[in-house]
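An overview of the molecular structure
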Amino acid sequence: MIRQLIHRLLLRRHFWRYATFSEVSELYTSRMLRMLAINISAAFMAVFLYQNGYSILFIAGYWVFYFVAKALMTFPAAKYAARFGPKHGILLSNLLYIPSLVVFTFMPDWGLPAIIITGLLQATSVSLYGLCHMVDFSKVKSVDHAGKEIAFMTIFEKIATGLSPLIGGMIAFMAGPRATLWAAAILFTVASVPLFKTAEPTKTGQKLVFRGFPWRLVWRSYVAEIGIGFDVLASGGVWMLMVAIFILGADGNQVYAEMGALLSVVLLAALVASYVYGKIIDRRRGGELLMTSVVVNSLVHLSRPFVTTPIIAAGVNLTNEAATTGYAMSFTRGMFDTADISGHRIVYLAGMELMLNIGAALSSLLLIGFIQIFGTSPGMGHYFFAIAIITLLIATPKFPLYRK
């Protein structure tokens, strides 16, 4: 039903260059279901660790382990995508995430082994998915309407990411966080179904070729992607952990429902922003959108240490969502154009995935350093001040598309 609705919506709006409408709608459907599954549980896993006696320093150390594992999996994932195709990679990624959630439900009983197994499985799954989705979508997009198509993809993502924390929070509140993890595992199974019928958009049986790679064309976008890695961890895991512990209290199952409400309040703003930003990008103003959004995002990070109430936290989330959506959409459009002209699509996008994970791992180490020096709460405040400066790197890629 979801696939048919997406199919009808897109059919009147777009002419796709490489993919049939059925293939595109199945890609959108799988993406939406996967985002719904991940965001039902992902926002709460760090809090679940904290409630089971693990310190913020331990959680930050886990993030280092997780993102380093993701980085190490980048080029094996690229080889898999080149040989079997991105759709097969997405399918395998979804199937790998399911046991990670099941194992994590036993974390209170198994302890560290469950955490390590979960981290390795999720790192492999997410690294494989991130690369394969970028390769798949960059191949099927339309050149003339890429901004609008990225907007549609973003809108479907925002619907999933807006509703899922609220759903997951209510499940955790009524039945406990373990029930949320089981629900997410079931959704991952459902998300895999559309991919069994889709054709590969790229030639399979390829090998990664590094000779002739255009380093001068892409190196600035790699540096900018490191900045995105810093931002991903700061705006996601660190911020929500800070809100849960120092603003909401992190006591009992009620905190999951409250966190879900704070995350879901951004839904309407995210949908409107995605549609408007898509039009701006197609009007050749993506470079201006990128610069403005990055500056606003930096100001949001500067404000985080001063947030003391849930209402202010909700306002920060709204502003952050508008800024992050703006830079993410404009950056993605420039990245896809660079992938097109590089002649090394999979290698270039694998490099971007690698830089993202390096940035996130460094962000985790930065958090550990500040907490060790200043203590937990002041250290997290100093961390966000540093992030406000570092994330300005996101505005520096100089994509050829925005120099025309």
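Residues numbered from 1 in each chain as written. Predicted model: local features only at pLDDT ≥ 70, side-chain atom pairs only at ≥ 80, totals over all residues. Heavy atoms only, no water.

1. Some remarks on helix 11 (residues 267-282)
Put simply, the rule is: In DSSP terms, a helix is any run of H or I states spanning at least four residues, a strand is any run of E spanning at least two, and both are numbered starting from the N terminus. How far a helix is expected to stretch is found by multiplying one less than its residue total by 1.5 Å. When a residue's accessible area, from a 1.4 Å probe over protein chains only, is under 20% of the maximum for its type it is buried; when over 50% it is exposed; and in between it is partly exposed. It is the directions from the helix axis to the C-beta atoms that the arc portrays.
Its 16 residues give helix 11 an end-to-end C-alpha distance of 23 Å, which sits within 8% of 22 Å, the value for a rise of 1.5 Å per residue. Listed in full, the buried residues belonging to helix 11 are Leu267, Ala270, Ala273, Ser274, Tyr277, Gly278 and Ile281. Projected down its long axis, helix 11 carries its buried residues within an arc of 135°, all on one side. Just downstream of helix 11, Arg284 is the residue with a positive phi angle, here 65°.

2. Overview of the side chain of His344
Put simply, the rule is: Note on contacts: a residue pair qualifies if any of its non-hydrogen atoms lie within 4.5 Å across the two residues.
Position of His344 among the secondary structure elements: in the loop between helix 13 (310-342) and helix 14 (345-374). Residue classification places His344 among the buried residues on the basis of a relative accessible area of 13%. If sequence neighbours within four positions are ignored, His344 has contacts with Val209, Arg211, Gly212, Phe213 and Pro214.

3. Digging into the packing of helix 12 (residues 286-303) against helix 15 (residues 376-390)
Cut-off, in case you're wondering: Whenever a helix is involved, its axis is fitted only over the stretch in contact; in every case the axis is a line through C-alpha atoms, and angles between N-to-C directions fall within 0 to 180 degrees. Note on terminology: angles under 35 degrees are roughly parallel, angles over 145 are roughly antiparallel, angles of 65 to 115 are roughly perpendicular, and the others are oblique. Residues are grouped as follows: nonpolar covers Ala, Val, Leu, Ile, Met, Phe, Trp, Tyr, Cys and Pro; charged covers Asp, Glu, Lys and Arg; every other residue, Gly included, is treated as polar.
The contact between helix 12 and helix 15 brings their axes to 8 Å, and the two run at 170°. Taken together, the axes of helix 12 and helix 15 lie roughly antiparallel to each other. Contacts between helix 12 and helix 15 pair Ser298, His301 and Leu302 from the former with Phe384, Phe385, Ile387, Ala388 and Ile389 from the latter. Looking at the contact of helix 12 with helix 15 residue by residue, the classes come out as 6 nonpolar, 2 polar and no charged.

4. Some points on the confidence of the model for the protein chain
Convention followed: For every residue, the pLDDT score states the predictor's confidence, bounded by 0 at the bottom and 100 at the top.
Of all residues in the protein chain, 86% attain a pLDDT of 70 or more, and the chain-wide mean is 84. Taken element by element, the predicted model of the protein chain shows its lowest mean pLDDT in helix 1 (residues 2-11) (49) and its highest in helix 15 (97). pLDDT under 50 marks residues 9-22. Its contacts with residues more than four places away, or in other chains, come to 36 contacts.

5. Describing a nonpolar patch on the surface
Rule in force here: By definition, no residue in a patch forms a salt bridge, and every one has over 30% relative accessible area; like charges are joined within 9 Å, nonpolar side chains (Val, Leu, Ile, Met, Phe, Trp, Tyr) within 5 Å. Every accessible area reported is derived by Shrake-Rupley at a probe size of 1.4 Å, with residue values counting cover from the shown protein chains alone. We count a salt bridge whenever a side-chain nitrogen from Lys or Arg sits within 4 Å of a carboxyl oxygen from Asp or Glu.
Taken together, the side chains of Met291, Val295, Leu299, Leu302, Phe306, Phe385 and Leu392 make up a nonpolar region of the molecular surface, amounting to roughly 640 Å² of accessible area. In terms of residue count, helix 12 provides more of the nonpolar patch than any other element does, 4 residues in total. You can call Met291 partly exposed: its relative accessible area is 44%.

6. Some remarks on the packing of helix 13 against helix 14
Keep this limit in mind: Working rule for handedness: look at the near helix, and if it is turned counterclockwise from the far one by less than a right angle, call the crossing left-handed; if clockwise, right-handed.
Their axes nearest at 8 Å, the elements helix 13 and helix 14 cross at an angle of 145°. The interaxial crossing formed by helix 13 with helix 14 has right-handed handedness. Side by side, helix 13 and helix 14 meet where Phe331, Met335, Thr338, Ala339, Asp340 and Ser342 of the first sit next to Arg345, Tyr348, Leu349 and Met352 of the second. Looking at the contact of helix 13 with helix 14 residue by residue, the classes come out as 6 nonpolar, 2 polar and 2 charged.

7. A short note on helix 13
The end-to-end C-alpha separation of helix 13 is 46 Å, in line with the 48 Å expected for 33 residues at 1.5 Å each. One or two positions beyond helix 13, positive phi appears at Gly343, with a value near 75°.

8. Let's talk about the environment of Val103
Among the secondary structure elements, Val103 is positioned in helix 4 (residues 86-104). The spatial distance from the C-alpha of Val103 to the C-alpha of Ile116 is 9.8 Å, given a sequence separation of 13 residues. Among residues more than four places away in sequence, those in contact with Val103 are Trp110, Ala114, Ile117 and Thr118.

9. Some points on the packing of aromatic side chains
Let me state the cut-off plainly: When the centres of two rings from Phe, Tyr and Trp lie within 6.5 Å, Trp using its six-membered ring, the rings pair. Their planes under 30 degrees apart give stacked, over 60 give edge-to-face, and anything left gives tilted. Charges are assigned to positions over rings by a cutoff of 6 Å between ring centre and Lys NZ or Arg CZ, combined with an angular limit of 35 degrees from the ring normal.
By the definition in use, this model includes 17 aromatic pairs. Relative to Phe210, the ring of Phe75 has its centre 5.9 Å away and its plane inclined at 50°; by these criteria the two rings are tilted. Of the two residues, Phe75 is situated in helix 3 (residues 56-84) and Phe210 in the loop between helix 8 (177-192) and helix 9 (215-248); the sequence distance between them amounts to 135 residues. By relative accessible area, Phe75 is classed as partly exposed at 26%. A relative accessible area of 44% places Phe210 in the partly exposed class. With a centroid separation of 5.3 Å and 70° between ring planes, the pair formed by Tyr383 and Phe384 is classed as edge-to-face. Classification of Phe384 as buried rests on a relative accessible area of 0%. Across from the ring centre of Trp239, 4.7 Å away, lies the NZ or CZ of Arg304, which sits over that ring.

10. What about the nonpolar core?
How we decide: What we call a nonpolar core is a set of buried Ala, Val, Leu, Ile, Met, Phe, Trp, Tyr and Cys residues that are connected through their side-chain atoms within 4.5 Å.
Counting residues in each nonpolar core, the largest one holds 78 residues, and the members touching the most others are Trp63, Trp239 and Tyr383. Among residues more than four places away in sequence, those in contact with Tyr383 are Phe230, Leu233, Ala234, Val238, Ser363, Leu366, Leu367 and Phe370. Counting 45 residues, the second-largest nonpolar core is a separate cluster that includes Ala78, Ile90, Tyr129 and Ile346.

11. Topic: the environment of Ile394
If you trace the backbone, Ile394 turns up in the segment after helix 15. In this view, Ile394 contacts Ala224, Gly227, Ile228, Asp231, Leu290, Val294, Tyr327 and Phe331; residues no more than four positions away in its chain are not counted.

12. Overview of the pattern of salt bridges
With the rule as written, the count across this model stands at 4 salt bridges. Glu353 is paired through a salt bridge with Lys70; the nearest N and O atoms lie 3.8 Å apart. Taken together, the residues Glu353 in helix 14 and Lys70 in helix 3 connect sequence positions 283 residues apart. Glu288 is paired through a salt bridge with Arg285; the nearest N and O atoms lie 3.1 Å apart. Given the relative accessible area of 46%, Arg285 is considered partly exposed.

13. Details of the side chain of Ser293
As a reminder of what qualifies: We call two N or O atoms a polar contact when they sit within 3.5 Å, provided that within protein one can donate a hydrogen and the other can accept it, with sequence-adjacent residues counted only if both atoms are side-chain atoms.
Position of Ser293 among the secondary structure elements: in helix 12. A residue is classified by how much of its surface remains accessible, and Ser293, at 5% relative accessible area, is buried. A distance of 2.8 Å separates the side chain of Ser293 from the backbone oxygen of Leu289, its partner in a polar contact. With residues up to four places along the chain from it excluded, the contact list for Ser293 reads Ala323, Gly326 and Tyr327.

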